Amino acid sequence: MTEKEKMIAGECYSAIDPQLLEELMVTQEILVEYNALPPADTQRKREILKSLLGHMADNEVIINQPFRCDYGKQISVGKRFFANFNFTVLDEAPVTIGDDCFIGPNVSIYTACHSTDPVRRNSRVEWAKPVNIGNNVWIGGSVTILPGVSIGDNVTIGAGSVVVKDIPSNCIAAGNPCKVVRKLMIEG
């Protein structure tokens, strides 16, 4: 297996592999262009997002500048997706976001995992765990979502939360660590 194949499979891989470093550089170059575009140039922004992201469900996707990610191809967004300023996604593993999701400013989604052992960490060996976000989710400003987390449908995550474990559908969750603070009764 290549280091990229290991990364995508969730196995330990070398983060300093030349192929991966090249792909990171290409993505960063694309993001330099995206982030420098005039905000009203929605056509070019949409073209870049279509080429950068692994899946974009429709043309109603809006990601305000600046936007940052590692690879882009591991990110899938549903219909009518909106992300505010400073959206950061470390997409070493898949990041799947459903329909009608709103992301507040300064939100970060991480899939990359590093050893707590300093010797192993310094070897640049890491692994990644996917993040899944359901439909009709609102992620408040300055939220951090850690590797391996799933967030259900119809969820609001309060501003400033750190999501370290799965959040079930139909609730409001907040805090550090983020936990359910209220269940919702969804009609229909």
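A few points on the structure.

Criteria and cut-off values
Residues numbered from 1 in each chain as written. Predicted model: local features only at pLDDT ≥ 70, side-chain atom pairs only at ≥ 80, totals over all residues. Heavy atoms only, no water. Core = buried A, V, L, I, M, F, W, Y, C linked by side-chain atoms within 4.5 Å. Buried < 20%, exposed > 50% of the residue type's maximum accessible area, 1.4 Å probe, protein only. Helix = DSSP H or I, 4+ residues; strand = E, 2+ residues; numbered from the N terminus. Contact = heavy atoms within 4.5 Å. Pairing = 2+ DSSP bridges. Phe/Tyr/Trp six-rings, centres within 6.5 Å; stacked < 30°, edge-to-face > 60°. 1 Å grid on protein atoms, 1.4 Å probe; cavity = no way out; pocket = protein on both sides within 12 Å on 5 of 7 lines; lining within 4 Å. Points joined across faces, edges and corners; volume = space filled by probe spheres on them. Nonpolar A, V, L, I, M, F, W, Y, C, P; charged D, E, K, R; others polar.

1. Brief notes about the nonpolar core
Ranked by internal contacts, the top residues of the largest apolar core, which has 39 residues, are Ile63, Phe67, Phe81, Phe87, Ile145, Ile151 and Ile157. Considering each element in turn, this core owes the most residues, three residues, to helix H3 (residues 42–52). Not counting residues within four places of it along the chain, the set of residues in contact with Ile63 comprises Tyr34, Leu49, Leu53, Phe81, Ala83 and Phe87.

2. Thoughts on the environment of Leu31
Tracing the chain through its elements places Leu31 in helix H2 (residues 18–36). When the C-alpha atoms of Leu31 and Asn122 are compared, they prove to be 28 Å apart, with 91 residues separating the residues in sequence. Non-local contacts of Leu31, meaning those with residues more than four positions away in its chain, are made with Leu52, Phe67, Arg68 and Cys69.

3. Topic: the sheet that holds strand E11 (residues 112–114)
Spatially, E1-E12-E11 is the arrangement adopted by the three strands of the open sheet, whose pairing is antiparallel. The two strands at the open ends of the sheet, each matched to only one other strand, are strand E1 (13–14) and E11. The sheet contact formed by E1 and strand E12 (residues 125–128) spans two bridges and is antiparallel. Across the sheet, the residue bridging to Tyr13 is Glu126, located in E12.

4. Notes on the pairing of strand E7 (residues 87–90)
Only one face of E7 is covered, namely the one carrying Phe87 and Val89; the face carrying Thr88 and Leu90 has none of its residues buried. Alignment of strand E4 (residues 67–69) against E7, held across three bridges, turns out to be parallel. What sits directly across from Phe67, in E7, is Phe87. Bridge analysis of E7 against strand E10 (residues 108–110) gives three bridges, and the strand direction is parallel. Residue pairing for E10: Thr88 is matched across the bridge by Ser108.

5. Observations concerning the packing of aromatic side chains
Scanning the entire structure with this criterion turns up three aromatic pairs. With a centroid separation of 6.4 Å and an interplanar angle of 75°, the aromatic rings of Tyr34 and Phe67 are classed as edge-to-face. Residue Tyr34 is found in helix H2, and its partner Phe67 is found in strand E4; the two are separated by 33 residues along the sequence. On the basis of relative accessible area, Tyr34 is assigned to the buried category, the value being 1%. A centroid spacing of 5.8 Å and a plane angle of 20° characterise the contact between Phe67 and Phe87, whose relative ring orientation is stacked.

6. Some remarks on the layout of surface pockets
Rolled over the atoms, a probe sized like a water molecule indicates the empty space that remains. Each pocket or cavity is described by its volume, and for the largest pocket that value is around 190 Å³. Taken together, the elements giving at least two residues each to the lining of the largest pocket come down to helix H1 (3–8), H2 and H3. Among the elements that make up the lining of the largest pocket, the one with the highest residue count is H2 (four residues). For the lining of the largest pocket, the per-class residue count stands at six nonpolar, three polar and three charged.

7. Remarks on unusual backbone geometry
The phi torsion of most residues other than glycine is negative, and most of the peptide bonds are trans. Note the cis peptide between Gln65 and Pro66, where omega equals -5°. Looking at the secondary structure, you find Pro66 in the loop between strand E3 (62–63) and E4. Of note, the amide linkage connecting Asn176 to Pro177 takes the cis form, showing an omega dihedral of 5°. Counting through the fold element by element, Pro177 comes out in the loop between strand E19 (171–174) and strand E20 (179–183). Despite not being glycine, Asn86 shows a phi value in the positive range, around 65°. Inspection of the secondary structure puts Asn86 in the loop between strand E6 (82–83) and E7. Of note, Asn154 is a non-glycine position whose phi angle comes to about 60°, a positive value.

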